[in-house]
Structure formats: C-alpha cells, structure tokens
Amino acid sequence: MTGRPFTVLVCQAGPCRSGEPGLDVLTRLAATVRHSPHGVLVRTGCLLNAPRCRTGAAHDSGCHLVVQPCDVNRRPRGTAIPVGPILTPQDARAVTSWLAGSVLDAEGLAPRLRTIP
C-alpha cells in the first residue's frame, strides 16, 4: 500500500468496460485505491477521444487510465501518467501492483502499458 496521494481516472466508455473474462479492471482498481489512505478513483468517459469509442465503432478491448500523483490536498504533483491498454488479468495485476507501490513513475510500468499521450 502506498501512502503517496494519487487520483486515478478510469475510462468506462464502451470498449474500456469490456475485455476478457476475469479482467474487471474497475473492481481491481477500487480494491487498490480503498487500501490507500490518499487514493481517489474517478470513473469517466473516453479519455482518448478515440474513434473506437464512438457509437457504432468496432470495439477492441483494453481499458485506459490516467494516474495523477498529487499532494494530500489533491493538488497535482508531477506529470499525469497515461496507462493502457489493459488487456489481460496479468496487465491488471501489474497496474494495481504499480499503483500500490511507493513510486508512481511511468518507468515502473511495462512498456506495453504506457499509453502514448
């Protein structure tokens, strides 16, 4: 569990809600945030303004998030970190382990989980 404050924005648009069985990114993130004294989880619409999220678009899988390190008063500290796509339960575990760790740095994520902003 990290004592470092952060806010996680999790996309809940069409393809970000779906994924392979057992993925359930939102539930995993909620459990991780619940164990952090200064973590906040925010459900949102599309974070990427992606064509894949528009009505009628083919839905590929993969949830995207943005993690913003902050101070205890919720003021941003450092650069927001885009994360995703989260495609497998292993990806979800890697992201929640990183989030629960002591350092929120994009370099701590596997390259496949670093969204290009």
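(A) Spatial organisation of the overall build of the protein chain. Looking only at helices and strands, the protein chain has three helices and four strands in total. Each helix and strand of the protein chain, ordered N terminal to C terminal, gives the series β-α-α-β-β-β-α. Classification of the 117 residues of the protein chain by burial places 39% in the buried group. Long-range contacts, defined here as pairs at least 24 residues apart, represent 66% of the contacts in the protein chain between residues at least 6 apart. In the structure as shown, the protein chain presents an accessible area of about 6300 Å², 56% of it carried by carbon and sulfur atoms.

(B) Quick look at the sheet that holds strand 1 (residues 6-11). The sheet built from four strands is open, its strands ordered 2-1-3-4 with mixed pairing. Only two strands of the sheet have a single neighbouring strand rather than two, namely strand 2 (39-44) and strand 4 (81-86). Going from strand to strand, the sheet's axes swing by 20 degrees on average, the running direction of each strand aside. In the sheet, strand 1 pairs with strand 3 (residues 63-69) via five bridges, with the strands oriented antiparallel. Across the sheet, the residue bridging to Val10 is Leu65, located in strand 3. Along the sheet face, helix 3 (residues 89-100) touches strand 1, strand 3 and strand 4 and points at about 155 degrees away from the line of strand 4.

(C) Seen up close, helix 2 (residues 25-34). Listed as buried for helix 2 are Val25, Leu29, Thr32 and Val33. The arc that holds the buried residues of helix 2, viewed along the axis, is 95 degrees, so those residues lie on one side. Against strand 1, strand 2, strand 3, strand 4 and helix 3 lie the buried residues of helix 2.

(D) Local environment of the nonpolar core. Ranked by size, the top nonpolar core spans 23 residues in total, and within it Val8, Leu65, Val67, Val83, Ile86, Trp98 and Leu99 carry the most contacts. Going through the elements one at a time, strand 1, helix 2, strand 3, strand 4 and helix 3 are the ones with two or more residues in this core. Apart from the residues lying within four places of it in its own chain, the contact partners of Trp98 are Val67, Ile81, Val83, Val103, Leu104, Asp105, Ala106, Gly108 and Leu109.

(E) Examining helix 3 more closely. Taking 1.5 Å of rise per residue, the twelve residues of helix 3 would be expected to cover 16 Å, and the 16 Å separating its terminal C-alpha atoms lies within 8% of that figure. Of the positions making up helix 3, those classed as buried are Pro89, Asp91, Ala92, Val95, Thr96, Trp98 and Leu99. In this fold, the buried residues of helix 3 make contact with strand 1, helix 2, strand 3 and strand 4.

(F) Main features of the pattern of salt bridges. Scanning the entire structure with this criterion turns up four salt bridges. For Arg114, the salt bridge identified is with Glu107, shortest N-O distance 3.9 Å. On the accessibility criterion, Arg114 (27% relative accessible area) is partly exposed. Looking at Glu107, the relative accessible area reads 60%, which means it is exposed.

Basis of the calculations
Within each chain, residues carry numbers counting from 1 in the order of the written sequence. Whole-chain, interface and lining totals are the exception, using all residues; otherwise, since this is a predicted model, local features are given only for residues with pLDDT of at least 70 and side-chain atom pairs are given and counted only at 80 or more. Water and hydrogen atoms were dropped before computing side-chain values, which therefore reflect all heavy atoms in the structure. A run of H or I in DSSP becomes a helix once it reaches four residues, and a run of E becomes a strand once it reaches two; helices and strands are each numbered from the N terminus. Summary of the burial criterion: residues with accessible area below 20% of their type's maximum are buried, those above 50% are exposed, and those between are partly exposed, where the area comes from a 1.4 Å probe applied to protein chains only. In what follows, residue pairs with any heavy atoms lying within 4.5 Å of each other are defined as contacts. Using a 1.4 Å probe, the Shrake-Rupley method yields the accessible areas, and only the shown protein chains count as cover for residues. Paired strands are those between which DSSP finds at least two bridges. Axis definition: a line fitted to C-alpha atoms, limited for helices to the stretch in contact. Angles are taken between N-to-C directions and run from 0 to 180 degrees. Comment: arc refers to directions from the helix axis out to C-beta atoms. Joining through side-chain atoms within 4.5 Å is the link that ties buried Ala, Val, Leu, Ile, Met, Phe, Trp, Tyr and Cys residues into a set, and such a set is a nonpolar core. A helix is expected to span 1.5 Å for every residue after the first. By salt bridge we mean one thing: a side-chain nitrogen of Lys or Arg within 4 Å of a carboxyl oxygen of Asp or Glu.

It is worth stressing that arrangement in space is one thing and function is another; only the former is reported here.
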